[in-house]
Amino acid sequence: MGDVLSTHLDDARRQHIAEKTEKILREFLHFYEDQYGVSLFNSMRHEIEGTGPPQAQLLWRKVPLDERIIFSGNLFQYQEDNKKWRNRFSLVPHNYGLVLYENKVAYERQMPPRAVINSAGYKVLTSVDQYLELVGNSLPGTTSKSGSTPILKCPTQFPLILWHPYARHYYFCMMTEAEQDKWQAVLQDCVRHCNNGIPENSKVEGPAFTDAIRIYRQSKEQYGTWEMLCGNEVQILSNLVMEELGPALKAELGPRLKGKSQERQRQWIQISDAVYRLVFEQAKAHFEEVLSKLQLSRPAMEAVIRTDMDQIITSKEHLASKIRAFILPKAEVCVRNHVQPYIPSILEALMVPTSQGFTEVRDVFFKEVTDMNLNVINEGGIDKLGEYMEKLSQLAYHPLKMQSCYEKMEPLRLDGLQQRFDVSSTSVFKQRAQIHMREQMDNAVYTFETLLHQELGKGPTKEELCKSIQRILERVLKKYDYDSSSVRKRFFREALLQITIPFLLKKLAPTCKSELPRFQELIFEDFARFILVENTYEEVVLQTVMKDILQAVKEAAVQRKHNLYRDSIVLHNSDPNLHLLAEGTPIDWGEQYGDSGDGSDSGGSPSPCPPEAVNLTEKRRRAKQVVSVVQDEESGLPFAADSEPPSPASPDSVTEVRSLLAQDLQPESSPPASPLLNGAPVQESPQPMAVLEASSPPASPLGHLPPGKAVDIETPKPSDQETGEQVSSHGPIHTTTEDSAGVQTEF
């Protein structure tokens, strides 16, 4: 396969690709520099004027997944170099980068991983037919004929494939349908998280980048949503370049590929991945250079904005009034005829699955807290509270328990509206709503934790504790109802704007866009970095449709079926000191209220650790410990019903794969139990069932490890600053020192 790259990507063609990439990058980065000044001004103006949404009722957790492993287990990966399937020990750390080790022993011995996969922009496929259809579409004229050997032959009936339009693909398979469902939920969570790679707290760089992407694509007559706005800035920029390079490269190299249909498909995948890596490295260097230059000039720009804020605002309003007078008649007619009649239909299509998803979040939270309360009653009170609360604290990041919430968004369809408004895919709206669901779940859980921790300071008895848990649950649910309503209404407004504004701009472009340059003379030269005609024009267009969108959302809030609060209803903060509670040291339930006896007296009532001990324990624990959020089905709640037996292995499984799996599942006697195993040690002496047995909840799909046990293995984690995949056979994972909330892995 290496000959394919040397043949089709020789030095001359690589140089040609680099030159084209250079041209696209320079053009885009010019837009980015322009948008940076506008974004900086908007951010500072927002900060000074203090405008924003109403105060949230729920608290939010600052570091929700610090030193956590989301999931770990074994799966089979297809090795393209030798065309064989190999068993891999895999784990998903806090930044959702999938890490593949040779085996579990290699992980325990701190050997470097085989690969670290960033899944931004990928799709998780569960059948080879789905994959072959996408591969066939990627290279026209190579559709496999009936009866021919496919590009991939999976040894079981339960594959999982990570597909990307430009980068390399990854092939996995499982032995049972249950394992496939589990890993599908985990990988979809990875994709969802990695796609949201631009940090929310990036108030200047983030908006400047996304605005530059939108305006650059509009300059190429590409309006509407863009499905590949996935990952961090460098990944998105690489996708942008590949969107332009891909068709020409495909037309040039496609006819030159030799062999049968599936062989030409395989060659094209390898060529596309090689080009993507070249583009990525070039994009990374250029973007970091421009960003560094802008950050150096930022203090000077901030000084000008602070000094001339009023004059800049006045100048912008004057420009907006002139543009409004020019385009308003045309824009109003366009809105009235082409947008306004469809807003209720778009909104209804968005609201039904979204409201169902947020209702499911509420139900899952209620069930988990109620299950915990039942088990506290039956299992002896506060002694086990730390173990259950440690598990509950990570509920929002449990891919399987949250899956029922995320699935509610899957039926989202815009039908004919999708073609009318040039919406390439609804996935961007699905994933955004799912991220909001996760955030609201974590906020509800953290608020519950904080209030319960405060209540425990009073030293309640078991009966008093259970009543307090129920009372706190009701308080948190009221806060959740209010916050989820606010979040959904904001999501609906943003989605409607994201659908309608590009459509309006495209409709107005033939008569309005050519006239915009003449408004440039209305901007003072000193303010030209902070006011752009193009942005002001878009804001005016937004204002023409905003009143219709607000009215539609307001009317929808009156309908009880969507569980939205009316705008006139304001839930004032009933807990003025609640937000102060969240400013303290993060709660360590395993240390303070674990069943090891460290955090409780002989009578079973908790005695909180002194602050000095808590701080010392926290430092020691975070230095070594890695706790897995998702565990195996074997360790359900003590008073939960038995889970269903695992599905039998596929009768079509390859003998070699079966033997590998059997070897991997054999008990190991020498190494101690690792907290990364998906299963807690089975209790030797289960306690008798109490009176609530008849009403005990069904088994949680996954259990949790006993908290508070330190591990002497320092887990290698994928860097938070890299992108793509790193394959390593020697040496540690390369990491960088720059701060970023995105999930990235270096090539």
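The structure presented is a predicted model; accordingly, all values stated were derived computationally and were not measured.

As for helix α6 (residues 205-219)
- Taking 1.5 Å of rise per residue, the 15 residues of α6 would be expected to cover 21 Å, and the 21 Å separating its terminal C-alpha atoms lies within 8% of that figure.
- Restricting attention to buried positions, one finds in α6 the residues E205, G206, A208, F209, A212, I213, I215, Y216, R217 and Q218.
- Taken from the residues just after α6, E221 is the one with a positive phi, measuring 65°.

What to know about the packing of helix α2 (residues 11-49) against helix α7 (residues 233-253)
- Their axes nearest at 10 Å, the elements α2 and α7 cross at an angle of 140°. The handedness of the crossing between α2 and α7 comes out as right-handed. Counting all contacts with α2, which are made through R13, I17, K20, T21, I24, L25 and F28, the residues of α7 involved are L237, L240, V241, E244, L245, A248, L249, E252 and L253.
- Looking at side-chain class alone, the contact of α2 with α7 contains eleven nonpolar, one polar and four charged residues.

Considering the confidence of the model for the protein
- Summary statistics for the protein give a mean pLDDT of 79 and a share of 73% for residues scoring 70 or more.
- Every residue in residues 596-627 scores below 50 in pLDDT, and together they form 46 contacts with partners more than four places removed in sequence or on other chains.
- Segment residues 726-747 is flagged for pLDDT under 50; beyond a separation of four residues in sequence, or across chains, it makes 71 contacts in the model.

Considerations on the pattern of salt bridges
- Evaluation of the coordinates by the stated rule reveals 33 salt bridges.
- The residue R438 makes a salt bridge to D189 at a minimum N-O spacing of 3.7 Å. Taken together, the positions of R438 in helix α13 (residues 427-456) and D189 in helix α5 (residues 177-195) put the pair 249 residues apart, joining distant regions of the chain.
- With a closest N to O distance of 3.1 Å, R432 and E200 form a salt bridge. Placement of R432 in helix α13 and of E200 in the loop between α5 and α6 is noted, with a sequence separation of 232 residues between them.
- Since its relative accessible area comes to 23%, R432 is described here as partly exposed.
- Counted as one network, the salt bridges with shared partners bring together E205, R298, E302 and R306.

Things to note about the packing of aromatic side chains
- One pass over the full model with this rule turns up 23 aromatic pairs.
- Each ring, one from Y131 and one from Y171, has its centre 5.4 Å from the other, and the planes form 85°; the classification is edge-to-face. Residue Y131 is found in helix α4 (residues 128-138), and its partner Y171 is found in strand β7 (residues 170-174); the two are separated by 40 residues along the sequence.
- For Y171, a relative accessible area of 6% puts it in the buried group.
- On the basis of an interplanar angle of 90° and a centroid distance of 6.0 Å, the ring pair of F524 and F527 is categorised as edge-to-face.
- Site record: aromatic cluster; members linked through ring pairs are F28, F31, Y32, Y36, F209, Y216 and F287.
- Above the ring of Y406, the side-chain terminus of R192 is found at 3.9 Å from the ring centroid.
- The ring of F326 carries the charged tip of R518 above its face, separated from the ring centre by 5.0 Å.

Points about helix α15 (residues 533-558)
- Taking 1.5 Å as the rise per residue, α15 with 26 residues should run 38 Å; its terminal C-alpha atoms sit 38 Å apart, in good agreement.
- At V545, α15 shows its largest bend, some 40°.

Quick word on unusual backbone geometry
- Its identity as a non-glycine residue notwithstanding, D415 has a phi of 50°, on the positive side.
- Of note, D422 is a non-glycine position whose phi angle comes to about 55°, a positive value.
- In this structure, D422 sits in the loop between α12 (416-420) and α13.
- Take D422: its relative accessible area is 35%, and that puts it in the partly exposed class.

The rules behind these values
Residues numbered from 1 in each chain as written. Predicted model: local features only at pLDDT ≥ 70, side-chain atom pairs only at ≥ 80, totals over all residues. Heavy atoms only, no water. Helix = DSSP H or I, 4+ residues; strand = E, 2+ residues; numbered from the N terminus. Expected span 1.5 Å × (residues − 1). Buried < 20%, exposed > 50% of the residue type's maximum accessible area, 1.4 Å probe, protein only. Axes fitted to C-alpha atoms, helices over the stretch in contact; angles between N-to-C directions. Left-handed = near helix turned anticlockwise from the far one by under 90°. Contact = heavy atoms within 4.5 Å. Nonpolar A, V, L, I, M, F, W, Y, C, P; charged D, E, K, R; others polar. pLDDT = per-residue confidence, 0-100. Salt bridge = Lys/Arg side-chain N within 4 Å of Asp/Glu carboxyl O. Phe/Tyr/Trp six-rings, centres within 6.5 Å; stacked < 30°, edge-to-face > 60°. Lys NZ or Arg CZ within 6 Å of the ring centre and 35° of its normal. Bend = angle between axes of the 7 residues up to and from the residue.

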